[in-house]
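The residues making up each chain are set out below.
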Amino acid sequence: MPGSSRLAISLPNLPNLRQRSSLLRPTTLSRQQALLYALDALRNVLLLLFVLRYTRKSLLQLRGHGLFGTLKGAYKSIYRNLYALFLRLPFVNARIRADVSKAILELETKLVPSGPGVLSYTTLPTMGWSVEQVRSELGKLGEMKHTRWEDGRVSGAVYHGGDELAELHAQAFKQFGVSNPIHPDVFPGVRKMEAEVVAMTLALFHAPTIEDGKAEGGGAGVTTSGGTESILMAVLAARQKAYHERNVREPEIILPETAHTAFRKAGEYFGIQVHLVPCPAANNYRVHIASVRRLINSNTILLVGSAPNFPHGIVDDISALSRLALKHKLPLHVDCCLGSFIIPFLEKAGYPAPDFDFRVPGVTSISVDTHKYGFAPKGNSVVLYRSKALRRYQYYVCPDWSGGVYASPSMAGSRPGALIAGCWASLMRMGEDGYLDTCLKIVGARQRIEDAIRGSEKLCRSLSVIGKPLVSVIAFQANENAEQAERVDIYDVADGMSAKGWHLNALQDPAAMHVAVTMPIVGVVEELIADLEAVVAQCRGKASEKKGDAAALYGVAGALPDKRIVRELAGGFLDTLYKTW
Ligand SMILES: *Cc1c(COP(=O)(O)O)cnc(C)c1O
């Protein structure tokens, strides 16, 4: 940063300034002169700062992305802007509006039931319904036509731990329905359960204990409403830490491009620049460590790895990230939202187990979704920190509110104690043996699907598995080396599976699809493989024909340089969520 010595650059202007000043009366001369001198100097310093700042930014950009990457980025950005201009041409724009409206209307007809016999309630009933009436309507709502998760047809989404557990949740809700952990004196049982959920999760992920004497006060954590909030909190804590300890005012995070979108959301919410790092096939779809290293600079507040990521179920090289984090004294967050209560049991279950938890020395925070493979009711997650000092950075405290001194650990104010009770009940009922058993079943089922895709005559020549999945997700794409007659469009396969009642996930960049195995899927794995074989047989050699839903969305979206239309469509989708008829 420029010190006072840099004021010297304003010297050439001085004679001029003196001349002007000499016209003034002697008494004011020195003051005026000093003022003009100071203003001039200030202007030059500001100019210098401006130039330095942009030179520094350009150099960092060059170092971070390389010459080729920078040029490619510039080319893409020009292309995108030109394309955006093209989209704004009146006749193009009108056409797009019409297409978007049509697509949204189709979505509405699919998602919002209408027609005779469908009543929608948009104002309060004048007279409250009878209990019976409400019960019966709730029953109907639960029975509305839907994709059958109950029959194991849905990838991820429903992390069901069985009917018995569901009964326990219902009991917990009943007992703790009114409870709110914001009042620990009123609901001491909820406070106790929350602390225990955090403690059990810390132990499972090998957080340092006070006895270790390494981290100040040992590991710490809080419960949140879900994986997204856990991630938002970890990023916020890293931002606050960097601000308070290093005065970082233009924070940046470095993400594997496959990391969950919640990190990008955190970037938008908290004003943090996000750098995406490729996860190339040549690196088995793990984050490219050398690229992460190049992007680190004095504004970096956090490194991130997934264990595993959502798209491909791949675990990043956490040890390599840890070495980088330690070398540059940076926090490292490991996203175990999906890995949750499966990844800690891989080793005991006898499966290959990657490094992922606090035993890796550079790992400073971990997000764990108890509402995924912890089988807690939805609305539960935990964010863990290596030390209590780190956790402090996510707290919100308002000492001077007229409503009283206010302190809350995370985003929410009031929180549902019932969900914490449900989570606690799940953890206690499942226990180590329960989670070990579900780990064996779920990872076993993922392995079975993987073996089929890699080995079955009917699948292996048309499909290929992405990377080396270790946990519950298996992703696959069209085999690029397939003979013409065996080539498939992966989105046709996705549509074909939808037509057979499966709800699997379509992915983009690269075009692919995945299955996140859950307990309901474990029982129907052979059916899934058989249907996949049938669909692949149908799709073979037809890779260029008319496209279905998934292909239409991702095929087109992937090729668009400007994602405005996708944003428009997605916004329309969100609007339909709040349509009553
Ligand atoms: C599910 C998931 C999250 C968080 O998602 P929520 O829907 O907010 O619970 C984060 N990371 C990964 C890898 C996930 O699969």
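Residues numbered from 1 in each chain as written. Predicted model: local features only at pLDDT ≥ 70, side-chain atom pairs only at ≥ 80, totals over all residues. Heavy atoms only, no water.

An unreviewed UniProt entry lists the chain under the name sphinganine-1-phosphate aldolase, from Friedmanniomyces endolithicus. Under the Sequence similarities (unreviewed entry) heading, UniProt states for the chain: "Belongs to the group II decarboxylase family. Sphingosine-1-phosphate lyase subfamily." Turning to the chain, the UniProt annotation filed under Subcellular location (unreviewed entry) states: "Endoplasmic reticulum membrane". (UniProt positions renumbered as here; feature names shortened; annotations may be inferred.)

Draft legend 1. Spatial organisation of the packing of helix H6 (residues 188–204) against helix H13 (residues 417–455). Interhelical geometry of H6 versus H13 gives an angle of 50° and a closest axis separation of 9 Å. One finds that H6 runs oblique with respect to H13. Considering only the axes of H6 and H13, their crossing is left-handed. Contacts between H6 and H13 involve Val190, Met193, Glu194, Glu196, Val197 and Met200 on the former and, on the latter, Gly417, Ile420, Ala421, Cys423, Trp424, Leu427 and Met428. Classifying every residue of the contact of H6 with H13 by side-chain character gives ten nonpolar, one polar and two charged. (Axes fitted to C-alpha atoms, helices over the stretch in contact; angles between N-to-C directions. Helix = DSSP H or I, 4+ residues; strand = E, 2+ residues; numbered from the N terminus. Parallel < 35°, antiparallel > 145°, perpendicular 65-115°, else oblique. Left-handed = near helix turned anticlockwise from the far one by under 90°. Contact = heavy atoms within 4.5 Å. Nonpolar A, V, L, I, M, F, W, Y, C, P; charged D, E, K, R; others polar.)

Draft legend 2. Expanded view of helix H3 (residues 90–111). Here H3 contains 22 residues, and its C-alpha end-to-end distance of 31 Å stays within 8% of the 32 Å for a straight helix at 1.5 Å per residue. By the burial criterion, the buried members of H3 are Val92, Ile96, Val100, Ile104 and Glu108. For H3, the arc enclosing every buried residue in end-on projection is 135°, short of the 170-degree limit, so these residues lie on one face. Opposite the buried face of H3, at more than 90 degrees from it, the exposed residues are Phe91, Arg95, Lys102, Leu105 and Thr109. (Expected span 1.5 Å × (residues − 1). Buried < 20%, exposed > 50% of the residue type's maximum accessible area, 1.4 Å probe, protein only. Arc of directions from axis to C-beta.)

Draft legend 3. Spotlight on the UniProt feature "modified residue: N6-(pyridoxal phosphate)lysine" (unreviewed entry) in the chain. Those residues carrying the UniProt feature "modified residue: N6-(pyridoxal phosphate)lysine" (unreviewed entry) are Lys372 in this numbering. For Lys372, the location among the structural elements is in the loop between strand S6 (365–368) and strand S7 (381–385).

Draft legend 4. Fine view of the sheet that holds strand S2 (residues 252–256). Taking strand neighbours across the sheet as the criterion, the seven strands line up as S1-S7-S6-S5-S4-S2-S3 in an open arrangement whose pairing is mixed. The sheet terminates laterally at strand S1 (220–224) and strand S3 (273–277), the two strands that pair on one side only. The mean angle between the axes of side-by-side strands here comes to 20°, regardless of whether they run parallel or antiparallel. Where strand S4 (residues 300–306) meets strand S5 (residues 332–336), four bridges bridge the pair, whose relative direction is parallel. Counterpart to Ser306 in the pairing with S5 is Asp335. Most of the contacts of helix H10 (residues 318–327) go to S4, to which it runs at about 170°, and overall it touches S4 and S5. (Pairing = 2+ DSSP bridges.)

Draft legend 5. Expanded view of unusual backbone geometry. With an omega of -5°, the peptide bond running from Ala307 to Pro308 counts as cis. Following the sequence through the fold, Pro308 ends up in the loop between S4 and H10. Between Asp509 and Pro510 the backbone carries a cis peptide bond, its omega angle lying at 0°. Checked against the element boundaries, Pro510 lands in the loop between strand S12 (505–507) and strand S13 (512–516). One non-glycine residue, Asn247, lies in the positive phi region at around 55°. Structurally, the position occupied by Asn247 is in the loop between helix H7 (227–246) and S2.

Draft legend 6. Up close: the side chain of Asp531. Mapped onto the elements, Asp531 comes out in helix H17 (residues 525–539). With relative accessibility at 18%, the residue Asp531 sits in the buried group. Sequence-distant contacts of Asp531, defined by excluding residues within four places in its chain, comprise Arg153, Met497, Lys500 and Trp502.

Draft legend 7. A look at H6. Helix length check: H6, at 17 residues, gives a terminal C-alpha distance of 24 Å against a target of 24 Å (1.5 Å per residue), a fit within 8%. Along H6, the residues that are buried comprise Val190, Met193, Glu194, Val197, Val198, Thr201, Leu202 and Leu204. As for H6, its buried residues are in contact with helix H5 (163–176), S1, S6, S7 and H13. Remark: His206 follows H6 within two positions and exhibits a positive phi of approximately 55°.

Draft legend 8. Seen up close, the environment of Ile272. Inspection of the secondary structure puts Ile272 in the loop between helix H8 (261–270) and S3. Note: C-alpha distance between Ile272 and Ser306 (34 residues apart in sequence) is 19 Å. In contact with Ile272, not counting residues within four places along its chain, are Val235, Arg239, Pro251, Glu252, Ile253, Ala266, Gly267 and Ile301.

Draft legend 9. Expanded view of the sheet that holds S12. Spatial ordering of the open sheet is given by S10-S11-S13-S12, a layout of four strands whose pairing is antiparallel. The sheet terminates laterally at strand S10 (463–465) and S12, the two strands that pair on one side only. Going across the sheet, the axis of each strand differs from the next one's by a mean of 30°, ignoring polarity. One ladder, built from three bridges, connects S12 with S13; its direction is antiparallel. Each residue of the ladder has a partner; that of Ala506, found in S13, is Met513. Here helix H15 (residues 490–499) sits on the sheet and contacts S10, strand S11 (473–478), S12 and S13; the angle it forms with S13, its principal contact strand, is near 40°.

Draft legend 10. Local environment of the site of the ligand. Near the ligand you find Gly227, Thr228, Ile231, His260, Pro308, Phe310, Asp335, Cys337, Leu338, Asp369, His371 and Lys372, and these make up its full shell. Thr228 places a polar side-chain atom, nitrogen or oxygen, 2.5 Å from an oxygen atom of the ligand. The side chain of Asp369 places a nitrogen or oxygen atom 3.1 Å from an oxygen atom of the ligand. Contact with the protein chains covers 84% of the free accessible surface of the ligand, which is 380 Å². Considering every element that reaches the shell around the ligand, the biggest residue donor is H7, with three residues. In the shell around the ligand, the residues fall into five nonpolar, four polar and three charged. (Near = heavy atom within 4 Å. Polar contact = N/O pair within 3.5 Å; in protein donor to acceptor, adjacent residues only side chain to side chain. Areas by Shrake-Rupley, 256 points an atom, 1.4 Å probe, with all protein chains shown as cover.)

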